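Below are the chains, spelled out letter by letter.
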Amino acid sequence: MMSSPPPRTPTVAARATDLSKVYGQGDTRVVALDRVSVGFERSRFTAIMGPSGSGKSTLMHCVAGLDSFSSGSVHVGDVELGALTDRQLTRLRRDKVGFVFQAFNLLPTLTALENITLPMDIAGRTADKEWLDGVIRMVGLSGRLGHRPAQLSGGQQQRVAVARALASRPEIVFGDEPTGNLDSRAGAEILGFLRDSVRTLGQTVVMVTHDPVAASYADRVVFLVDGRIVDEMYEPSADGVLELMKSFDTPRFRAS
Ligand SMILES: Nc1ncnc2c1ncn2[C@@H]1O[C@H](COP(=O)(O)OP(=O)(O)OP(=O)(O)O)[C@@H](O)[C@H]1O
Ligand SMILES: [Mg+2]
């Protein structure tokens with residue numbers, strides 16, 4: 001079922017090596033990540049899939065520098081996160097990483113444009129105007145920049161969130177179920193924008209999703225079960241992903 005990888009070997013925007021994350025202890029001990037090694041290739045769209053509780057969000061949060069881990073290492077570009085102070089980690093998140101969450105996380109009192117540039121405003125940076133204009137055009141928000149979130153549809157709000165994640169031209173953009181709160185049409189739009197940002201702007205995108213159709217927008221899908229990577233697929237189709245996910249319910253993957 002594993003398809004062959006593409007011929008060239010691209011560089012990696014972020015990677016986890018032997019990454020483990022354990023929550024709690026004794027009776028409440030949960031191994032959320034169990035020695036995961038995975039690289040996220042630059043200018044590629046990677047989806048992370050797996051059953052609920054398999055560690056998808058944990059993996060994303062650890063690689064994005066949002067959460068600590070128990071052992072192993074994480075690199076964003078050449079930087080090893082474990083070697084950073086809290087302050088350096090905050091700066092790395094701010095400068096190198098963009099996020100799109102399931103809940104759009106926009107500030108209600110700010111306009112769409114103010115929301116998009118907020119992270120840069122906080123960091124005291126000015127946007128590269130050409131890049132920012134390109135991002136805003138791509139997500140089709142040009143006529144809505146003065147609107148507040150409450151004046152926008154859910155899909156439009158998520159487009160603002162996508163533009164915000166891309167605005168600073170980060171090394172890597174992470175999405176945790178970024179289409180989870182949208183109907184299928186609005187979801188398809190957002191997925192199309194994420195894919196376009198990879199194809200036309202050379203962005204690197206990593207997205208957690210439950211949805212085989214969403215995963216089919218990616219160049220590659222990695223599958224987690226019980227905190228381990230059990231398979232991956234290149235150029236995935238929704239049907240292929242669905243087929244593979246069904247096989248994860250078999251005892252082979254449940255045994256530990
Ligand atoms: N703060 C926490 N304390 C204890 N256990 C946790 C905590 N956060 C997550 N876990 C456990 O770690 C495991 C992985 O959780 P995670 O949120 O990464 O799963 P997921 O694959 O994102 O699931 P979902 O698809 O439901 O979002 C789960 O068993 C979960 O119960
Ligand atoms: Mg999750």
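Above this note sits the structure.
Below is a summary of the structure that appears in this document. (Residues numbered from 1 in each chain as written. Chains lettered and ligands numbered in written order. Predicted model: local features only at pLDDT ≥ 70, side-chain atom pairs only at ≥ 80, totals over all residues. Heavy atoms only, no water.)

## Looking at the sheet that holds strand β6 (residues 97-100)
Piece 1. If you walk across this open sheet you meet the six strands as β6-β7-β8-β3-β9-β10, and the pairing is mixed. Two strands close off the open sheet at either side, each with one partner strand: β6 and β10 (228-234). In this sheet, neighbouring strand axes are inclined to one another by 20 degrees on average, regardless of whether the strands run parallel or antiparallel.
Piece 2. Of the pairings in the sheet, the one linking β6 to strand β7 (residues 172-176) comprises four bridges and is parallel in character. Of the residues in β7, the one forming a bridge with Val100 is Gly175. (Pairing = 2+ DSSP bridges. Helix = DSSP H or I, 4+ residues; strand = E, 2+ residues; numbered from the N terminus. Axes fitted to C-alpha atoms, helices over the stretch in contact; angles between N-to-C directions.)

## Things to note about the site of ligand 1
Piece 1. Around ligand 1, the structure places Tyr23, Val30, Ala32, Pro51, Ser52, Gly53, Ser54, Gly55, Lys56, Ser57, Thr58 and His210.
Piece 2. Here an oxygen atom of ligand 1 and a side-chain polar atom of Ser52 are 2.6 Å apart.
Piece 3. Backbone polar atom of Gly55 to an oxygen atom of ligand 1: 3.0 Å apart, as the coordinates give it.
Piece 4. Look at ligand 1: alone it shows 640 Å² of surface, and the protein chains cover 59% of it.
Piece 5. When residues of the shell around ligand 1 are traced back to their parent elements, those giving at least two are β2 (30-41) and α1 (56-63).
Piece 6. Looking at the shell around ligand 1 element by element, the count peaks at three residues for α1. (Near = heavy atom within 4 Å. Polar contact = N/O pair within 3.5 Å; in protein donor to acceptor, adjacent residues only side chain to side chain. Areas by Shrake-Rupley, 256 points an atom, 1.4 Å probe, with all protein chains shown as cover.)

## Some thoughts on the pairing of β10
Piece 1. Here strand β9 (residues 220-225) runs beside β10; their pairing, made up of six bridges, is antiparallel. Considered in β10, the bridge of Val222 is made with Glu232.
Piece 2. The antiparallel pairing of β9 with β10 creates a hairpin that spans two residues between the two strands, and Asp226 there sits at a positive phi of about 50 degrees.

## Focus on the nonpolar core
Piece 1. Judged by nonpolar contacts, the single largest core of 46 residues is most densely connected at Phe45, Ile116, Phe223 and Val241.
Piece 2. Examining the composition of this core, we find that seven residues originate from one element, helix α5 (residues 154-167), more than from any other.
Piece 3. Beyond its immediate sequence surroundings of up to four residues, Ile116 is in contact with Leu132, Ile136, Leu141, Leu145, Val160, Ala163, Arg164 and Ala167.
Piece 4. Counting residues in hydrophobic clusters, the runner-up holds 27 residues, among them Leu19, Ile48, Met60 and Val63. (Core = buried A, V, L, I, M, F, W, Y, C linked by side-chain atoms within 4.5 Å. Buried < 20%, exposed > 50% of the residue type's maximum accessible area, 1.4 Å probe, protein only. Contact = heavy atoms within 4.5 Å.)

## Concerning the environment of Val30
Piece 1. Along the chain, Val30 falls in strand β2.
Piece 2. The exposure class assigned to Val30 is partly exposed, which follows from its relative accessible area of 44%.
Piece 3. Between the C-alpha atom of Val30 and that of Asp226, which follows or precedes it by 196 residues, the distance is 9.9 Å.
Piece 4. Among all residues touching Val30, those that are not within four sequence positions of it are Lys21, Val22 and Tyr23.

## Overview of the sheet that holds strand β1 (residues 12-23)
Piece 1. Spatially, β2-β1-β4-β5 is the arrangement adopted by the four strands of the open sheet, whose pairing is antiparallel. The open sheet terminates on both sides in strands that have one partner only, identified here as β2 and β5 (79-80).
Piece 2. Both strand β4 (residues 71-76) and β5 contribute to a ladder of two bridges, which runs antiparallel. The residue bridging His75 from the neighbouring strand is Glu80, located in β5.
Piece 3. Running over the sheet, α1 touches β1, β2 and β4 and is turned about 120 degrees from β1.

## Some points on the pairing of β7
Piece 1. Of all five residues in β7, five are buried, a share of seventy percent or more.
Piece 2. As defined by bridge partners, β7 adjoins strand β8 (residues 205-208) across four bridges and the pair is classed as parallel. When the bridges of β8 are listed, Gly175 appears paired with Met207.

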